Number of protein chains: 2
Amino acid sequence: MTARPEMQDLEARAEEVSGLLKLLSHKNRLLIACELRDGEASVSALEAAISGAQSNLSRDLARMREEGLVVARRQSKSVYYRLADDRLARVVDALCAAFGPEAKQKKRSRK
Amino acid sequence: MTARPEMQDLEARAEEVSGLLKLLSHKNRLLIACELRDGEASVSALEAAISGAQSNLSRDLARMREEGLVVARRQSKSVYYRLADDRLARVVDALCAAFGPEAKQKKRSRK
DNA sequence: CTTGATATATATCATATATCGTATTTGACA
DNA sequence: TGTCAAATACGATATATGATATATATCAAG
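Counting starts from 1 at the beginning of each chain's written sequence and moves along it residue by residue. To read the labels, note that chains go from A and ligands from 1, taken in the order they are written. In keeping with the predicted nature of the model, local features appear solely for residues at pLDDT of at least 70, side-chain atom pairs appear and are counted solely at 80 or more, and the whole-chain, interface and lining totals rest on all residues. As a rule here, side-chain values come from all non-hydrogen atoms in the structure, and water together with hydrogens is ignored.

I keep staring at empty space enclosed by the protein and nothing clicks. Help me out?
It is a probe the size of a water molecule, rolled over the atoms, that shows where empty space is left. Residues are said to line a cavity or pocket when one of their atoms sits within 4 Å of a point; the points come from a 1 Å grid over protein atoms alone, cavities being sets where a 1.4 Å probe fits but cannot get out and pockets being open sets with protein on both sides within 12 Å along at least five of seven lines. Grid points are joined across faces, edges and corners, and a volume is the space filled by probe spheres set on the points. Within this structure, the stated rule accounts for one cavity of 30 Å³ or more. Residue lining of the largest cavity: A:N28, A:E47, A:I50, A:S51, A:G52, A:A53, A:N56, A:L57 and A:D60, and that is the complete set.

I tried to follow the sheet that holds strand β1 (residues 41-42) of chain B on my own but got confused; where do I start?
The strands that make up a sheet are held in pairs by hydrogen bonds between backbone atoms, and each pair lies either parallel or antiparallel. All names here are of chain B. The rule for pairing is simple: two strands pair if DSSP sees at least two bridges between them. Elements are defined by DSSP. Helices are runs of H or I of four residues or more, strands are runs of E of two residues or more, and each kind is numbered from the N terminus. Pairing in this open sheet of three strands is antiparallel, and the strands run β1-β3-β2 from one edge to the other. The open sheet terminates on both sides in strands that have one partner only, identified here as β1 and β2 (70-75). Two elements, β1 and strand β3 (residues 78-83), share two bridges in a ladder whose sense is antiparallel. Of the residues in β3, the one forming a bridge with A41 is Y81. Residues count as neighbours in contact if any of their non-hydrogen atoms are within 4.5 Å of one another. Comment: axis = line fitted to C-alpha atoms, over the contacting stretch for helices; angle = value between 0 and 180 degrees taken between N-to-C directions. Along the sheet face, helix α3 (residues 27-37) touches β1, β2 and β3 and points at about 90° away from the line of β3.

Which parts of the structure should I look at to understand the environment of B:V43?
Within the secondary structure, B:V43 is located in helix α4 (residues 43-49). Put simply, B:V43 and B:A72 are 29 residues apart on the chain and 9.7 Å apart in space, counted from C-alpha to C-alpha.

I would appreciate a short explanation of the pattern of salt bridges in the present structure.
Between side chains of opposite charge, pairing is possible as soon as their charged atoms come close. One side-chain nitrogen of Lys or Arg within 4 Å of one carboxyl oxygen of Asp or Glu is enough to make a salt bridge. Scanning the entire structure with this criterion turns up 12 salt bridges over all chains. Residues A:E15 and B:K27 are paired through a salt bridge, measuring 4.0 Å at the closest nitrogen-oxygen approach. Separated into two different chains, A:E15 in helix α2 (residues 14-24) and B:K27 in helix α3 make up a pair that spans both. Look at A:E15 and you get exposed, because its relative accessible area is 52%. Here the salt bridges share partners, and the residues they tie into one network are A:E16, A:D85 and A:R87. Throughout this description, buried means an accessible area under 20% of the type-specific maximum (1.4 Å probe, protein chains only), exposed means over 50%, and partly exposed covers the range between.

Whenever I open this one, the pairing of β3(B) confuses me. Can you help?
Residues in a regular strand project their side chains so that they alternate between the two faces of the sheet. Residues and elements named next belong to chain B. With six bridges connecting them, β2 and β3 associate as antiparallel partners. Note on β3: the bridge partner recorded for A72 is Y81. Hairpin geometry of β2 and β3 is characterised by an intervening segment of two residues between the two adjacent antiparallel strands and by a positive phi of about 50° at S76.

Take a look at the structure:
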């Protein structure tokens, strides 16, 4: 019943995709994704950029790690995180494009 | 500390954007958005396309309506919904592009 | 090798928020 | 009134959140 093929596929993957969105549906985790979009960052750096307790940040990173959104790399005392997969990067880019400064509210013109 | 200007803006709007994502972070609501991406649809049509009880669908639509994601139009007995704003459409498109059939898992090449 | 310091992770718990099933209600119309 | 479409109300259960405490890992002194 859905016209475009990508749509069907998205529906088939709705569970998976909604799971990803659930992880991004929290202010701090979204900010984590945004920060990492610019490249690798240590937990300390993220902690500086993002509000909230360190333990919560660590837990958010753990959840994102468990779901395969980010990967961690330890270097001496610090742990560096980066985005694990291009798809997340593309989603973040799309959000930036949609909600960025020049994204005018542009109400949908009824066809 | 963030490089690109859209990024800063997304950070500023993290609360708002994460709220939008929260609405899409549920399988059925994501499917609603996907269906409506193809154009207006009645509640009955959505009910046929999406699993779950009618009351749940109606409640999901209500939430999306309250948050301004969709708008409703009544025509005799039926109520037709459509996406309220292009930004949501663009996000859905991006999800399709990222998770569609030709979206290969393409692991992020570490720079 | 123990001690201390720094960075990160995990555990726990109270509270908030989300979800789902079921029942009831409202709106439009014949 | 009866019926179909959609919305709302309610309550039980689940999941998320934030605060706080504790644990682990790595390194540097001493």
